[in-house]
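One-letter residues, chain by chain:
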Amino acid sequence: MKISENILYVGVNDHKIDLFEGQYKVPNGMAYNSYVIIDEKIAVMDTVDRSFTAEWLENIKKALGEKKPDYLVVQHMEPDHSASIADFMETYPEAVVVSNAKSFNMMKNFFGNDYAERKIAVGEKDTLNLGKHELHFVAAPMVHWPEVIMTYESTEKIVFSADAFGKFGANDIEEDWACEARRYYFGIVGKFGMQVQNVLKKLSAFDIKTICPLHGPVLSENLGYYLNLYDIWSSYKTESEGVFIAYTSVYGNTRNAAKLLEEKLKEKGCPKVAIADLARDDMAEAVEDAFRYGKIVLATTTYNGDIFPFMREFINNLTERNFQNKTVALIENGSWAATAANVMKRMLEKSKNITYTETSVKIMSALSDANKAEIEALADELCK
């Protein structure tokens, strides 16, 4: 695939994978992206997952013909992008690897070799001239590993953005970008909003026409849309006005409360209502929706003097990703010791700018008429 006349895509699609990073469901697979810049000097941008080394090397060979790459630029050392470094360096013994000091330390750990005789160490604002193309390196620590760099190619105005602007899903599958990019962002990068904001400020100094991420499609149209979403996500702003209800239920009574609230919110014209059963639905999608919407309802049972395990896992997923700037409503259920609301509040104590609704719901076993009235009142408050 051509990005331009002199920049080619040489990545691969993975339809064998079931769980990305051992935890994220990826029914449409994954893409491991790599690019080749052909000039007086030839640079390959990143490698691919170990399972696809042979296919990737063949893609490079097809792209270059009789030519040989001069440089391998390593922007990120996570194995889905770095695992083929050693094979590349063996295949092309004249090539030089370009990265930063932290990456070379990691190469030593991964491969037992930091390529001391065949490396160029770069840092913030360093450049590498290929002829007509010039690479400008941008430090992007903790987006989402400490060694990450991005690269701006100034002639064609392309940002090679490492994992930023990536998404779940192989590139030979057509699907909505935002849904899987949002799930990817909050699952993998979401903790590091401040660091993403820092990089966005750096990138704003460049005239960007194309974004080439390490996962997902190349972005070349309506870039303001993607940049704006990344700004919203990384500053923990509300992306969509609406309410997200996350619940767990043992015997169905807490589910009944959550479903009744969903029904009442829709009756009252709430702009958007999403709901998830945390025991059955994809946890990563629930985390995505919790960050997407401005208002969230947590409904769960008291369990072993604590809260139901899937709700505990869910809230832990939120707080470790800097959950903040939300309106939160609580629904608790306890047949003989309803303590879930207090437990959830304690878990959210370190989250910034959390506003609790005036209305809360305390169920003692099954929904009572008083509970139904409370849910009506809660729906009114959430729809304001």
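None of the values given here were measured: they were computed from a predicted structure.

Student: Just give me the short version of helix 7 (residues 223-234), but keep the residues and values in it.
Tutor: An ideal rise of 1.5 Å per residue puts 16 Å on 12 residues; helix 7 measures up with 17 Å between its terminal C-alpha atoms. Burial in helix 7 covers these residues: Leu223, Tyr226, Leu229, Tyr230, Ile232, Trp233 and Ser234. Elements that come into contact with the buried residues of helix 7 comprise helix 5 (177-189), helix 6 (193-203) and strand 15 (210-212). Positioned one or two residues after helix 7, tyrosine 236 has a phi angle of 60°, which is positive.

Student: I'd love a proper account of the sheet that holds strand 11 (residues 127-129), names of residues and values included.
Tutor: In a beta sheet, neighbouring strands pair by backbone hydrogen bonds and run either parallel or antiparallel. Pairing within the open sheet is mixed, and its five strands lie in the order 11-12-13-14-15. Looking at which strands have only one partner, the edges of the open sheet turn out to be strand 11 and strand 15. When strand polarity is set aside, the average angle formed by the axes of neighbouring strands in this sheet is 20°. Inspection of the sheet shows strand 14 (residues 158-160) paired to strand 15 by three bridges, in the parallel sense. The residue of strand 15 that forms the bridge with isoleucine 158 is threonine 210. Taken strand by strand, helix 6 contacts strand 12 (134-139), strand 13 (149-153) and strand 14, and its axis lies near 150° from that of strand 12.

Student: Please provide a residue-by-residue account of the packing of helix 9 (residues 283-292) against helix 10 (residues 309-319), values included.
Tutor: Axis separation between helix 9 and helix 10 bottoms out at 10 Å; the angle between their running directions is 55°. By the angle between their axes, helix 9 is oblique relative to helix 10. Relative to helix 10, helix 9 is oriented so that their crossing is right-handed. The segment helix 9 lies against helix 10, with Met283, Ala286, Val287, Ala290 and Phe291 engaging Phe310, Glu313, Phe314, Asn317 and Leu318. Here the contact of helix 9 with helix 10 is composed, by residue class, of eight nonpolar, one polar and one charged.

Student: Just give me the short version of helix 6, but keep the residues and values in it.
Tutor: Listed in full, the buried residues belonging to helix 6 are Gly193, Val196, Gln197, Val199, Leu200 and Leu203. On an axial view of helix 6, the arc spanned by its buried residues comes to 165°, and they lie on one face. More than 90 degrees from the buried face of helix 6, the exposed residues found are Met194 and Lys201. Elements in contact with the buried residues of helix 6: strand 12, strand 13, strand 14, helix 5 and helix 7.

Student: A description of the pairing of strand 20 (residues 324-333) should follow, citing residues and the corresponding values.
Tutor: Burial of strand 20 is extensive: eight of the 10 residues sit out of reach of the surface. In this structure, strand 18 (residues 293-303) lies alongside strand 20, joined through seven bridges in parallel fashion. Residue leucine 298 lies in a different strand from strand 20, and its bridge partner there is leucine 330. In the sheet, strand 20 pairs with strand 21 (residues 352-356) via four bridges, with the strands oriented parallel. Bridging from a neighbouring strand, glutamine 324 pairs with lysine 352 of strand 21. Read as a crossover between parallel neighbours, the route from strand 20 over helix 11 (residues 340-347) to strand 21 is right-handed. Two strands pair when backbone bridges link them, and strand 20 and strand 22 (residues 361-363) are joined in this way by three bridges, in the parallel orientation. Note on strand 22: the bridge partner recorded for glutamate 332 is lysine 362.

Student: I'd like to hear about the nonpolar core, residue by residue, with values.
Tutor: With 94 residues, the main nonpolar core has Phe88, Phe244, Leu298 and Phe314 as its most contacted residues. Broken down by element, the residue count for this core peaks at eight residues, all from helix 5. Not counting chain neighbours up to four residues away, the residues in contact with phenylalanine 314 comprise Phe244, Ala246, Leu278, Met283, Ala286, Val287, Ala290, Ile296 and Leu298. Of all hydrophobic cores here, the second largest spans 20 residues; its members include Ala257, Leu265, Cys270 and Ile331.

Cut-off values and rules
- Residues numbered from 1 in each chain as written.
- Predicted model: local features only at pLDDT ≥ 70, side-chain atom pairs only at ≥ 80, totals over all residues.
- Heavy atoms only, no water.
- Helix = DSSP H or I, 4+ residues; strand = E, 2+ residues; numbered from the N terminus.
- Expected span 1.5 Å × (residues − 1).
- Buried < 20%, exposed > 50% of the residue type's maximum accessible area, 1.4 Å probe, protein only.
- Contact = heavy atoms within 4.5 Å.
- Pairing = 2+ DSSP bridges.
- Axes fitted to C-alpha atoms, helices over the stretch in contact; angles between N-to-C directions.
- Parallel < 35°, antiparallel > 145°, perpendicular 65-115°, else oblique.
- Left-handed = near helix turned anticlockwise from the far one by under 90°.
- Nonpolar A, V, L, I, M, F, W, Y, C, P; charged D, E, K, R; others polar.
- Arc of directions from axis to C-beta.
- Right-handed = clockwise from strand over helix to strand, strands pointing away.
- Core = buried A, V, L, I, M, F, W, Y, C linked by side-chain atoms within 4.5 Å.

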